[in-house]
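These are the residues of each chain, in order.
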Amino acid sequence: MKALAIDTSNLVMGIAVVDGEKVIGEYTTNLKKNHSIRVMPAIHDLMKEMNMKPAELDRIITAKGPGSYTGVRIGVTIAKTMAWTLNKDLSGVSSLEVLAQNGKFFSGYVCPLFDARRTQLYTGLYGFEEDRFQAVKEDRLVLRRNWLDELKRLEKRILFLGNDLDLHKESILEELGDQAVFGSAADHNPRPSELARIGIEKEPESVHHFVPSYLQLAEAEVNWLAGQKK
C-alpha cells in the first residue's frame, strides 16, 4: 500500500510517503512558520523527488490532534480534500500516539505531551500490553498536577516526550524525581513515517464524517456557547 502521511497538528510539520513497510521519503521541520502555505509545496516537492503522482497513492493519513487548533485543521482539511478528490482511503491517528512511537522500545511507560496552557496538558500514557505498544491511559486534556499525581502512583519509570517539555520539566522532576526520564532532542519530534505506519494499520474512515480530535472546545466556541445561555 502506498500512503501519504501529513502532520501539521503542532509546530513540527511532517510529510512522509511509504510503500508498505518501506519509507520512500520523509520531510520534517520544527520551525515557527505558517503550515498553511508550506504543506502543499512540501507534498509536491517530496512526491516529485520520488517521481510519484498523487493518483498512485492508495491512502491519505493525517495526524488528527490534539494540538494547535489551526494546525490540526490545516492537516485534516488537506487530507480530507485529497482523499475526496483522488477517491482514496482516509485514516487518522492521534498526534500523541504518533509522538509516543519515539519511545516504543523504552522499558517503562511513555508519556507524550503537548502544552495546553494554564498548566494543562494534552497527554496520554503508552506502553506494551498484550504484546503490542498501545495506549494504557487514553489521551486527555488534564491539569498537570492531577496528571503527575496519577503517574506517581504507578511506581514505574516514565519516559516523557515532547517539544513543550521545557515548560513542565521542573514540575515533573519535583513530583516524580527519578521516576521521570526525558528523551533526547531527536525524540521530541513526531515522525511522519510512524504516522504512516500506524495509519495503514487502521480501518479507513468516511471522508464526510471524519473530524479532528481537539479534546476541548476552542475559545471562540466556548464564548459562543456562553453567549447562547444569556
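Residues numbered from 1 in each chain as written. Predicted model: local features only at pLDDT ≥ 70, side-chain atom pairs only at ≥ 80, totals over all residues. Heavy atoms only, no water.

**A closer look at the packing of aromatic side chains**
All chains considered together, the criterion is met by 4 aromatic pairs. Among the aromatic residues, ring-to-ring pairing joins Y126, F128 and F133 into one connected group. Taking the ring centre of Y109 as reference, the NZ or CZ of K156 above it sits at 4.5 Å. (Phe/Tyr/Trp six-rings, centres within 6.5 Å; stacked < 30°, edge-to-face > 60°. Lys NZ or Arg CZ within 6 Å of the ring centre and 35° of its normal.)

**Considerations on the confidence of the model for the protein**
Confidence in the prediction of the protein, expressed as mean pLDDT, is 94, and 94% of residues score 70 or more. Counted against residues more than four places away or in other chains, residues 218-226, with its pLDDT under 50, gives 3 contacts. (pLDDT = per-residue confidence, 0-100. Contact = heavy atoms within 4.5 Å.)

**Some words on helix α4 (residues 144-152)**
Considered for burial, the residues of α4 that qualify are R144, W147, L148, E150 and L151. Along the axis of α4, the buried residues cluster in a sector spanning 160°; they form a single face. (Buried < 20%, exposed > 50% of the residue type's maximum accessible area, 1.4 Å probe, protein only. Helix = DSSP H or I, 4+ residues; strand = E, 2+ residues; numbered from the N terminus. Arc of directions from axis to C-beta.)

**Thoughts on the nonpolar core**
Core analysis: the largest hydrophobic core is formed by 39 residues, its most contacted members being L4, I6, I43 and I60. Put simply, the parts of the chain that give this core at least two residues each are β1 (2-7), β2 (12-19), α1 (39-49), α2 (69-86), α3 (95-100), β6 (109-115), β7 (120-129) and β9 (158-161). By size, the runner-up hydrophobic cluster in this structure holds 15 residues, among which are L151, F160, L165 and L176. (Core = buried A, V, L, I, M, F, W, Y, C linked by side-chain atoms within 4.5 Å.)

**Notes on the sheet that holds β7**
Read from one edge of the open sheet, 5 strands run β8-β7-β6-β9-β10, paired in mixed fashion. The open sheet has two edge strands, β8 (132-143) and β10 (180-182), and neither has a second partner. With strand direction ignored, the average angle separating the axes of adjacent strands in the sheet is 25°. Along the sheet, α4 contacts β6, β7, β8 and β9; its crossing angle with β8, the most-contacted strand, is approximately 145°. Helix α5 (residues 169-176) contacts β6, β9 and β10 of the sheet and is inclined by roughly 150° relative to β10. (Pairing = 2+ DSSP bridges. Axes fitted to C-alpha atoms, helices over the stretch in contact; angles between N-to-C directions.)

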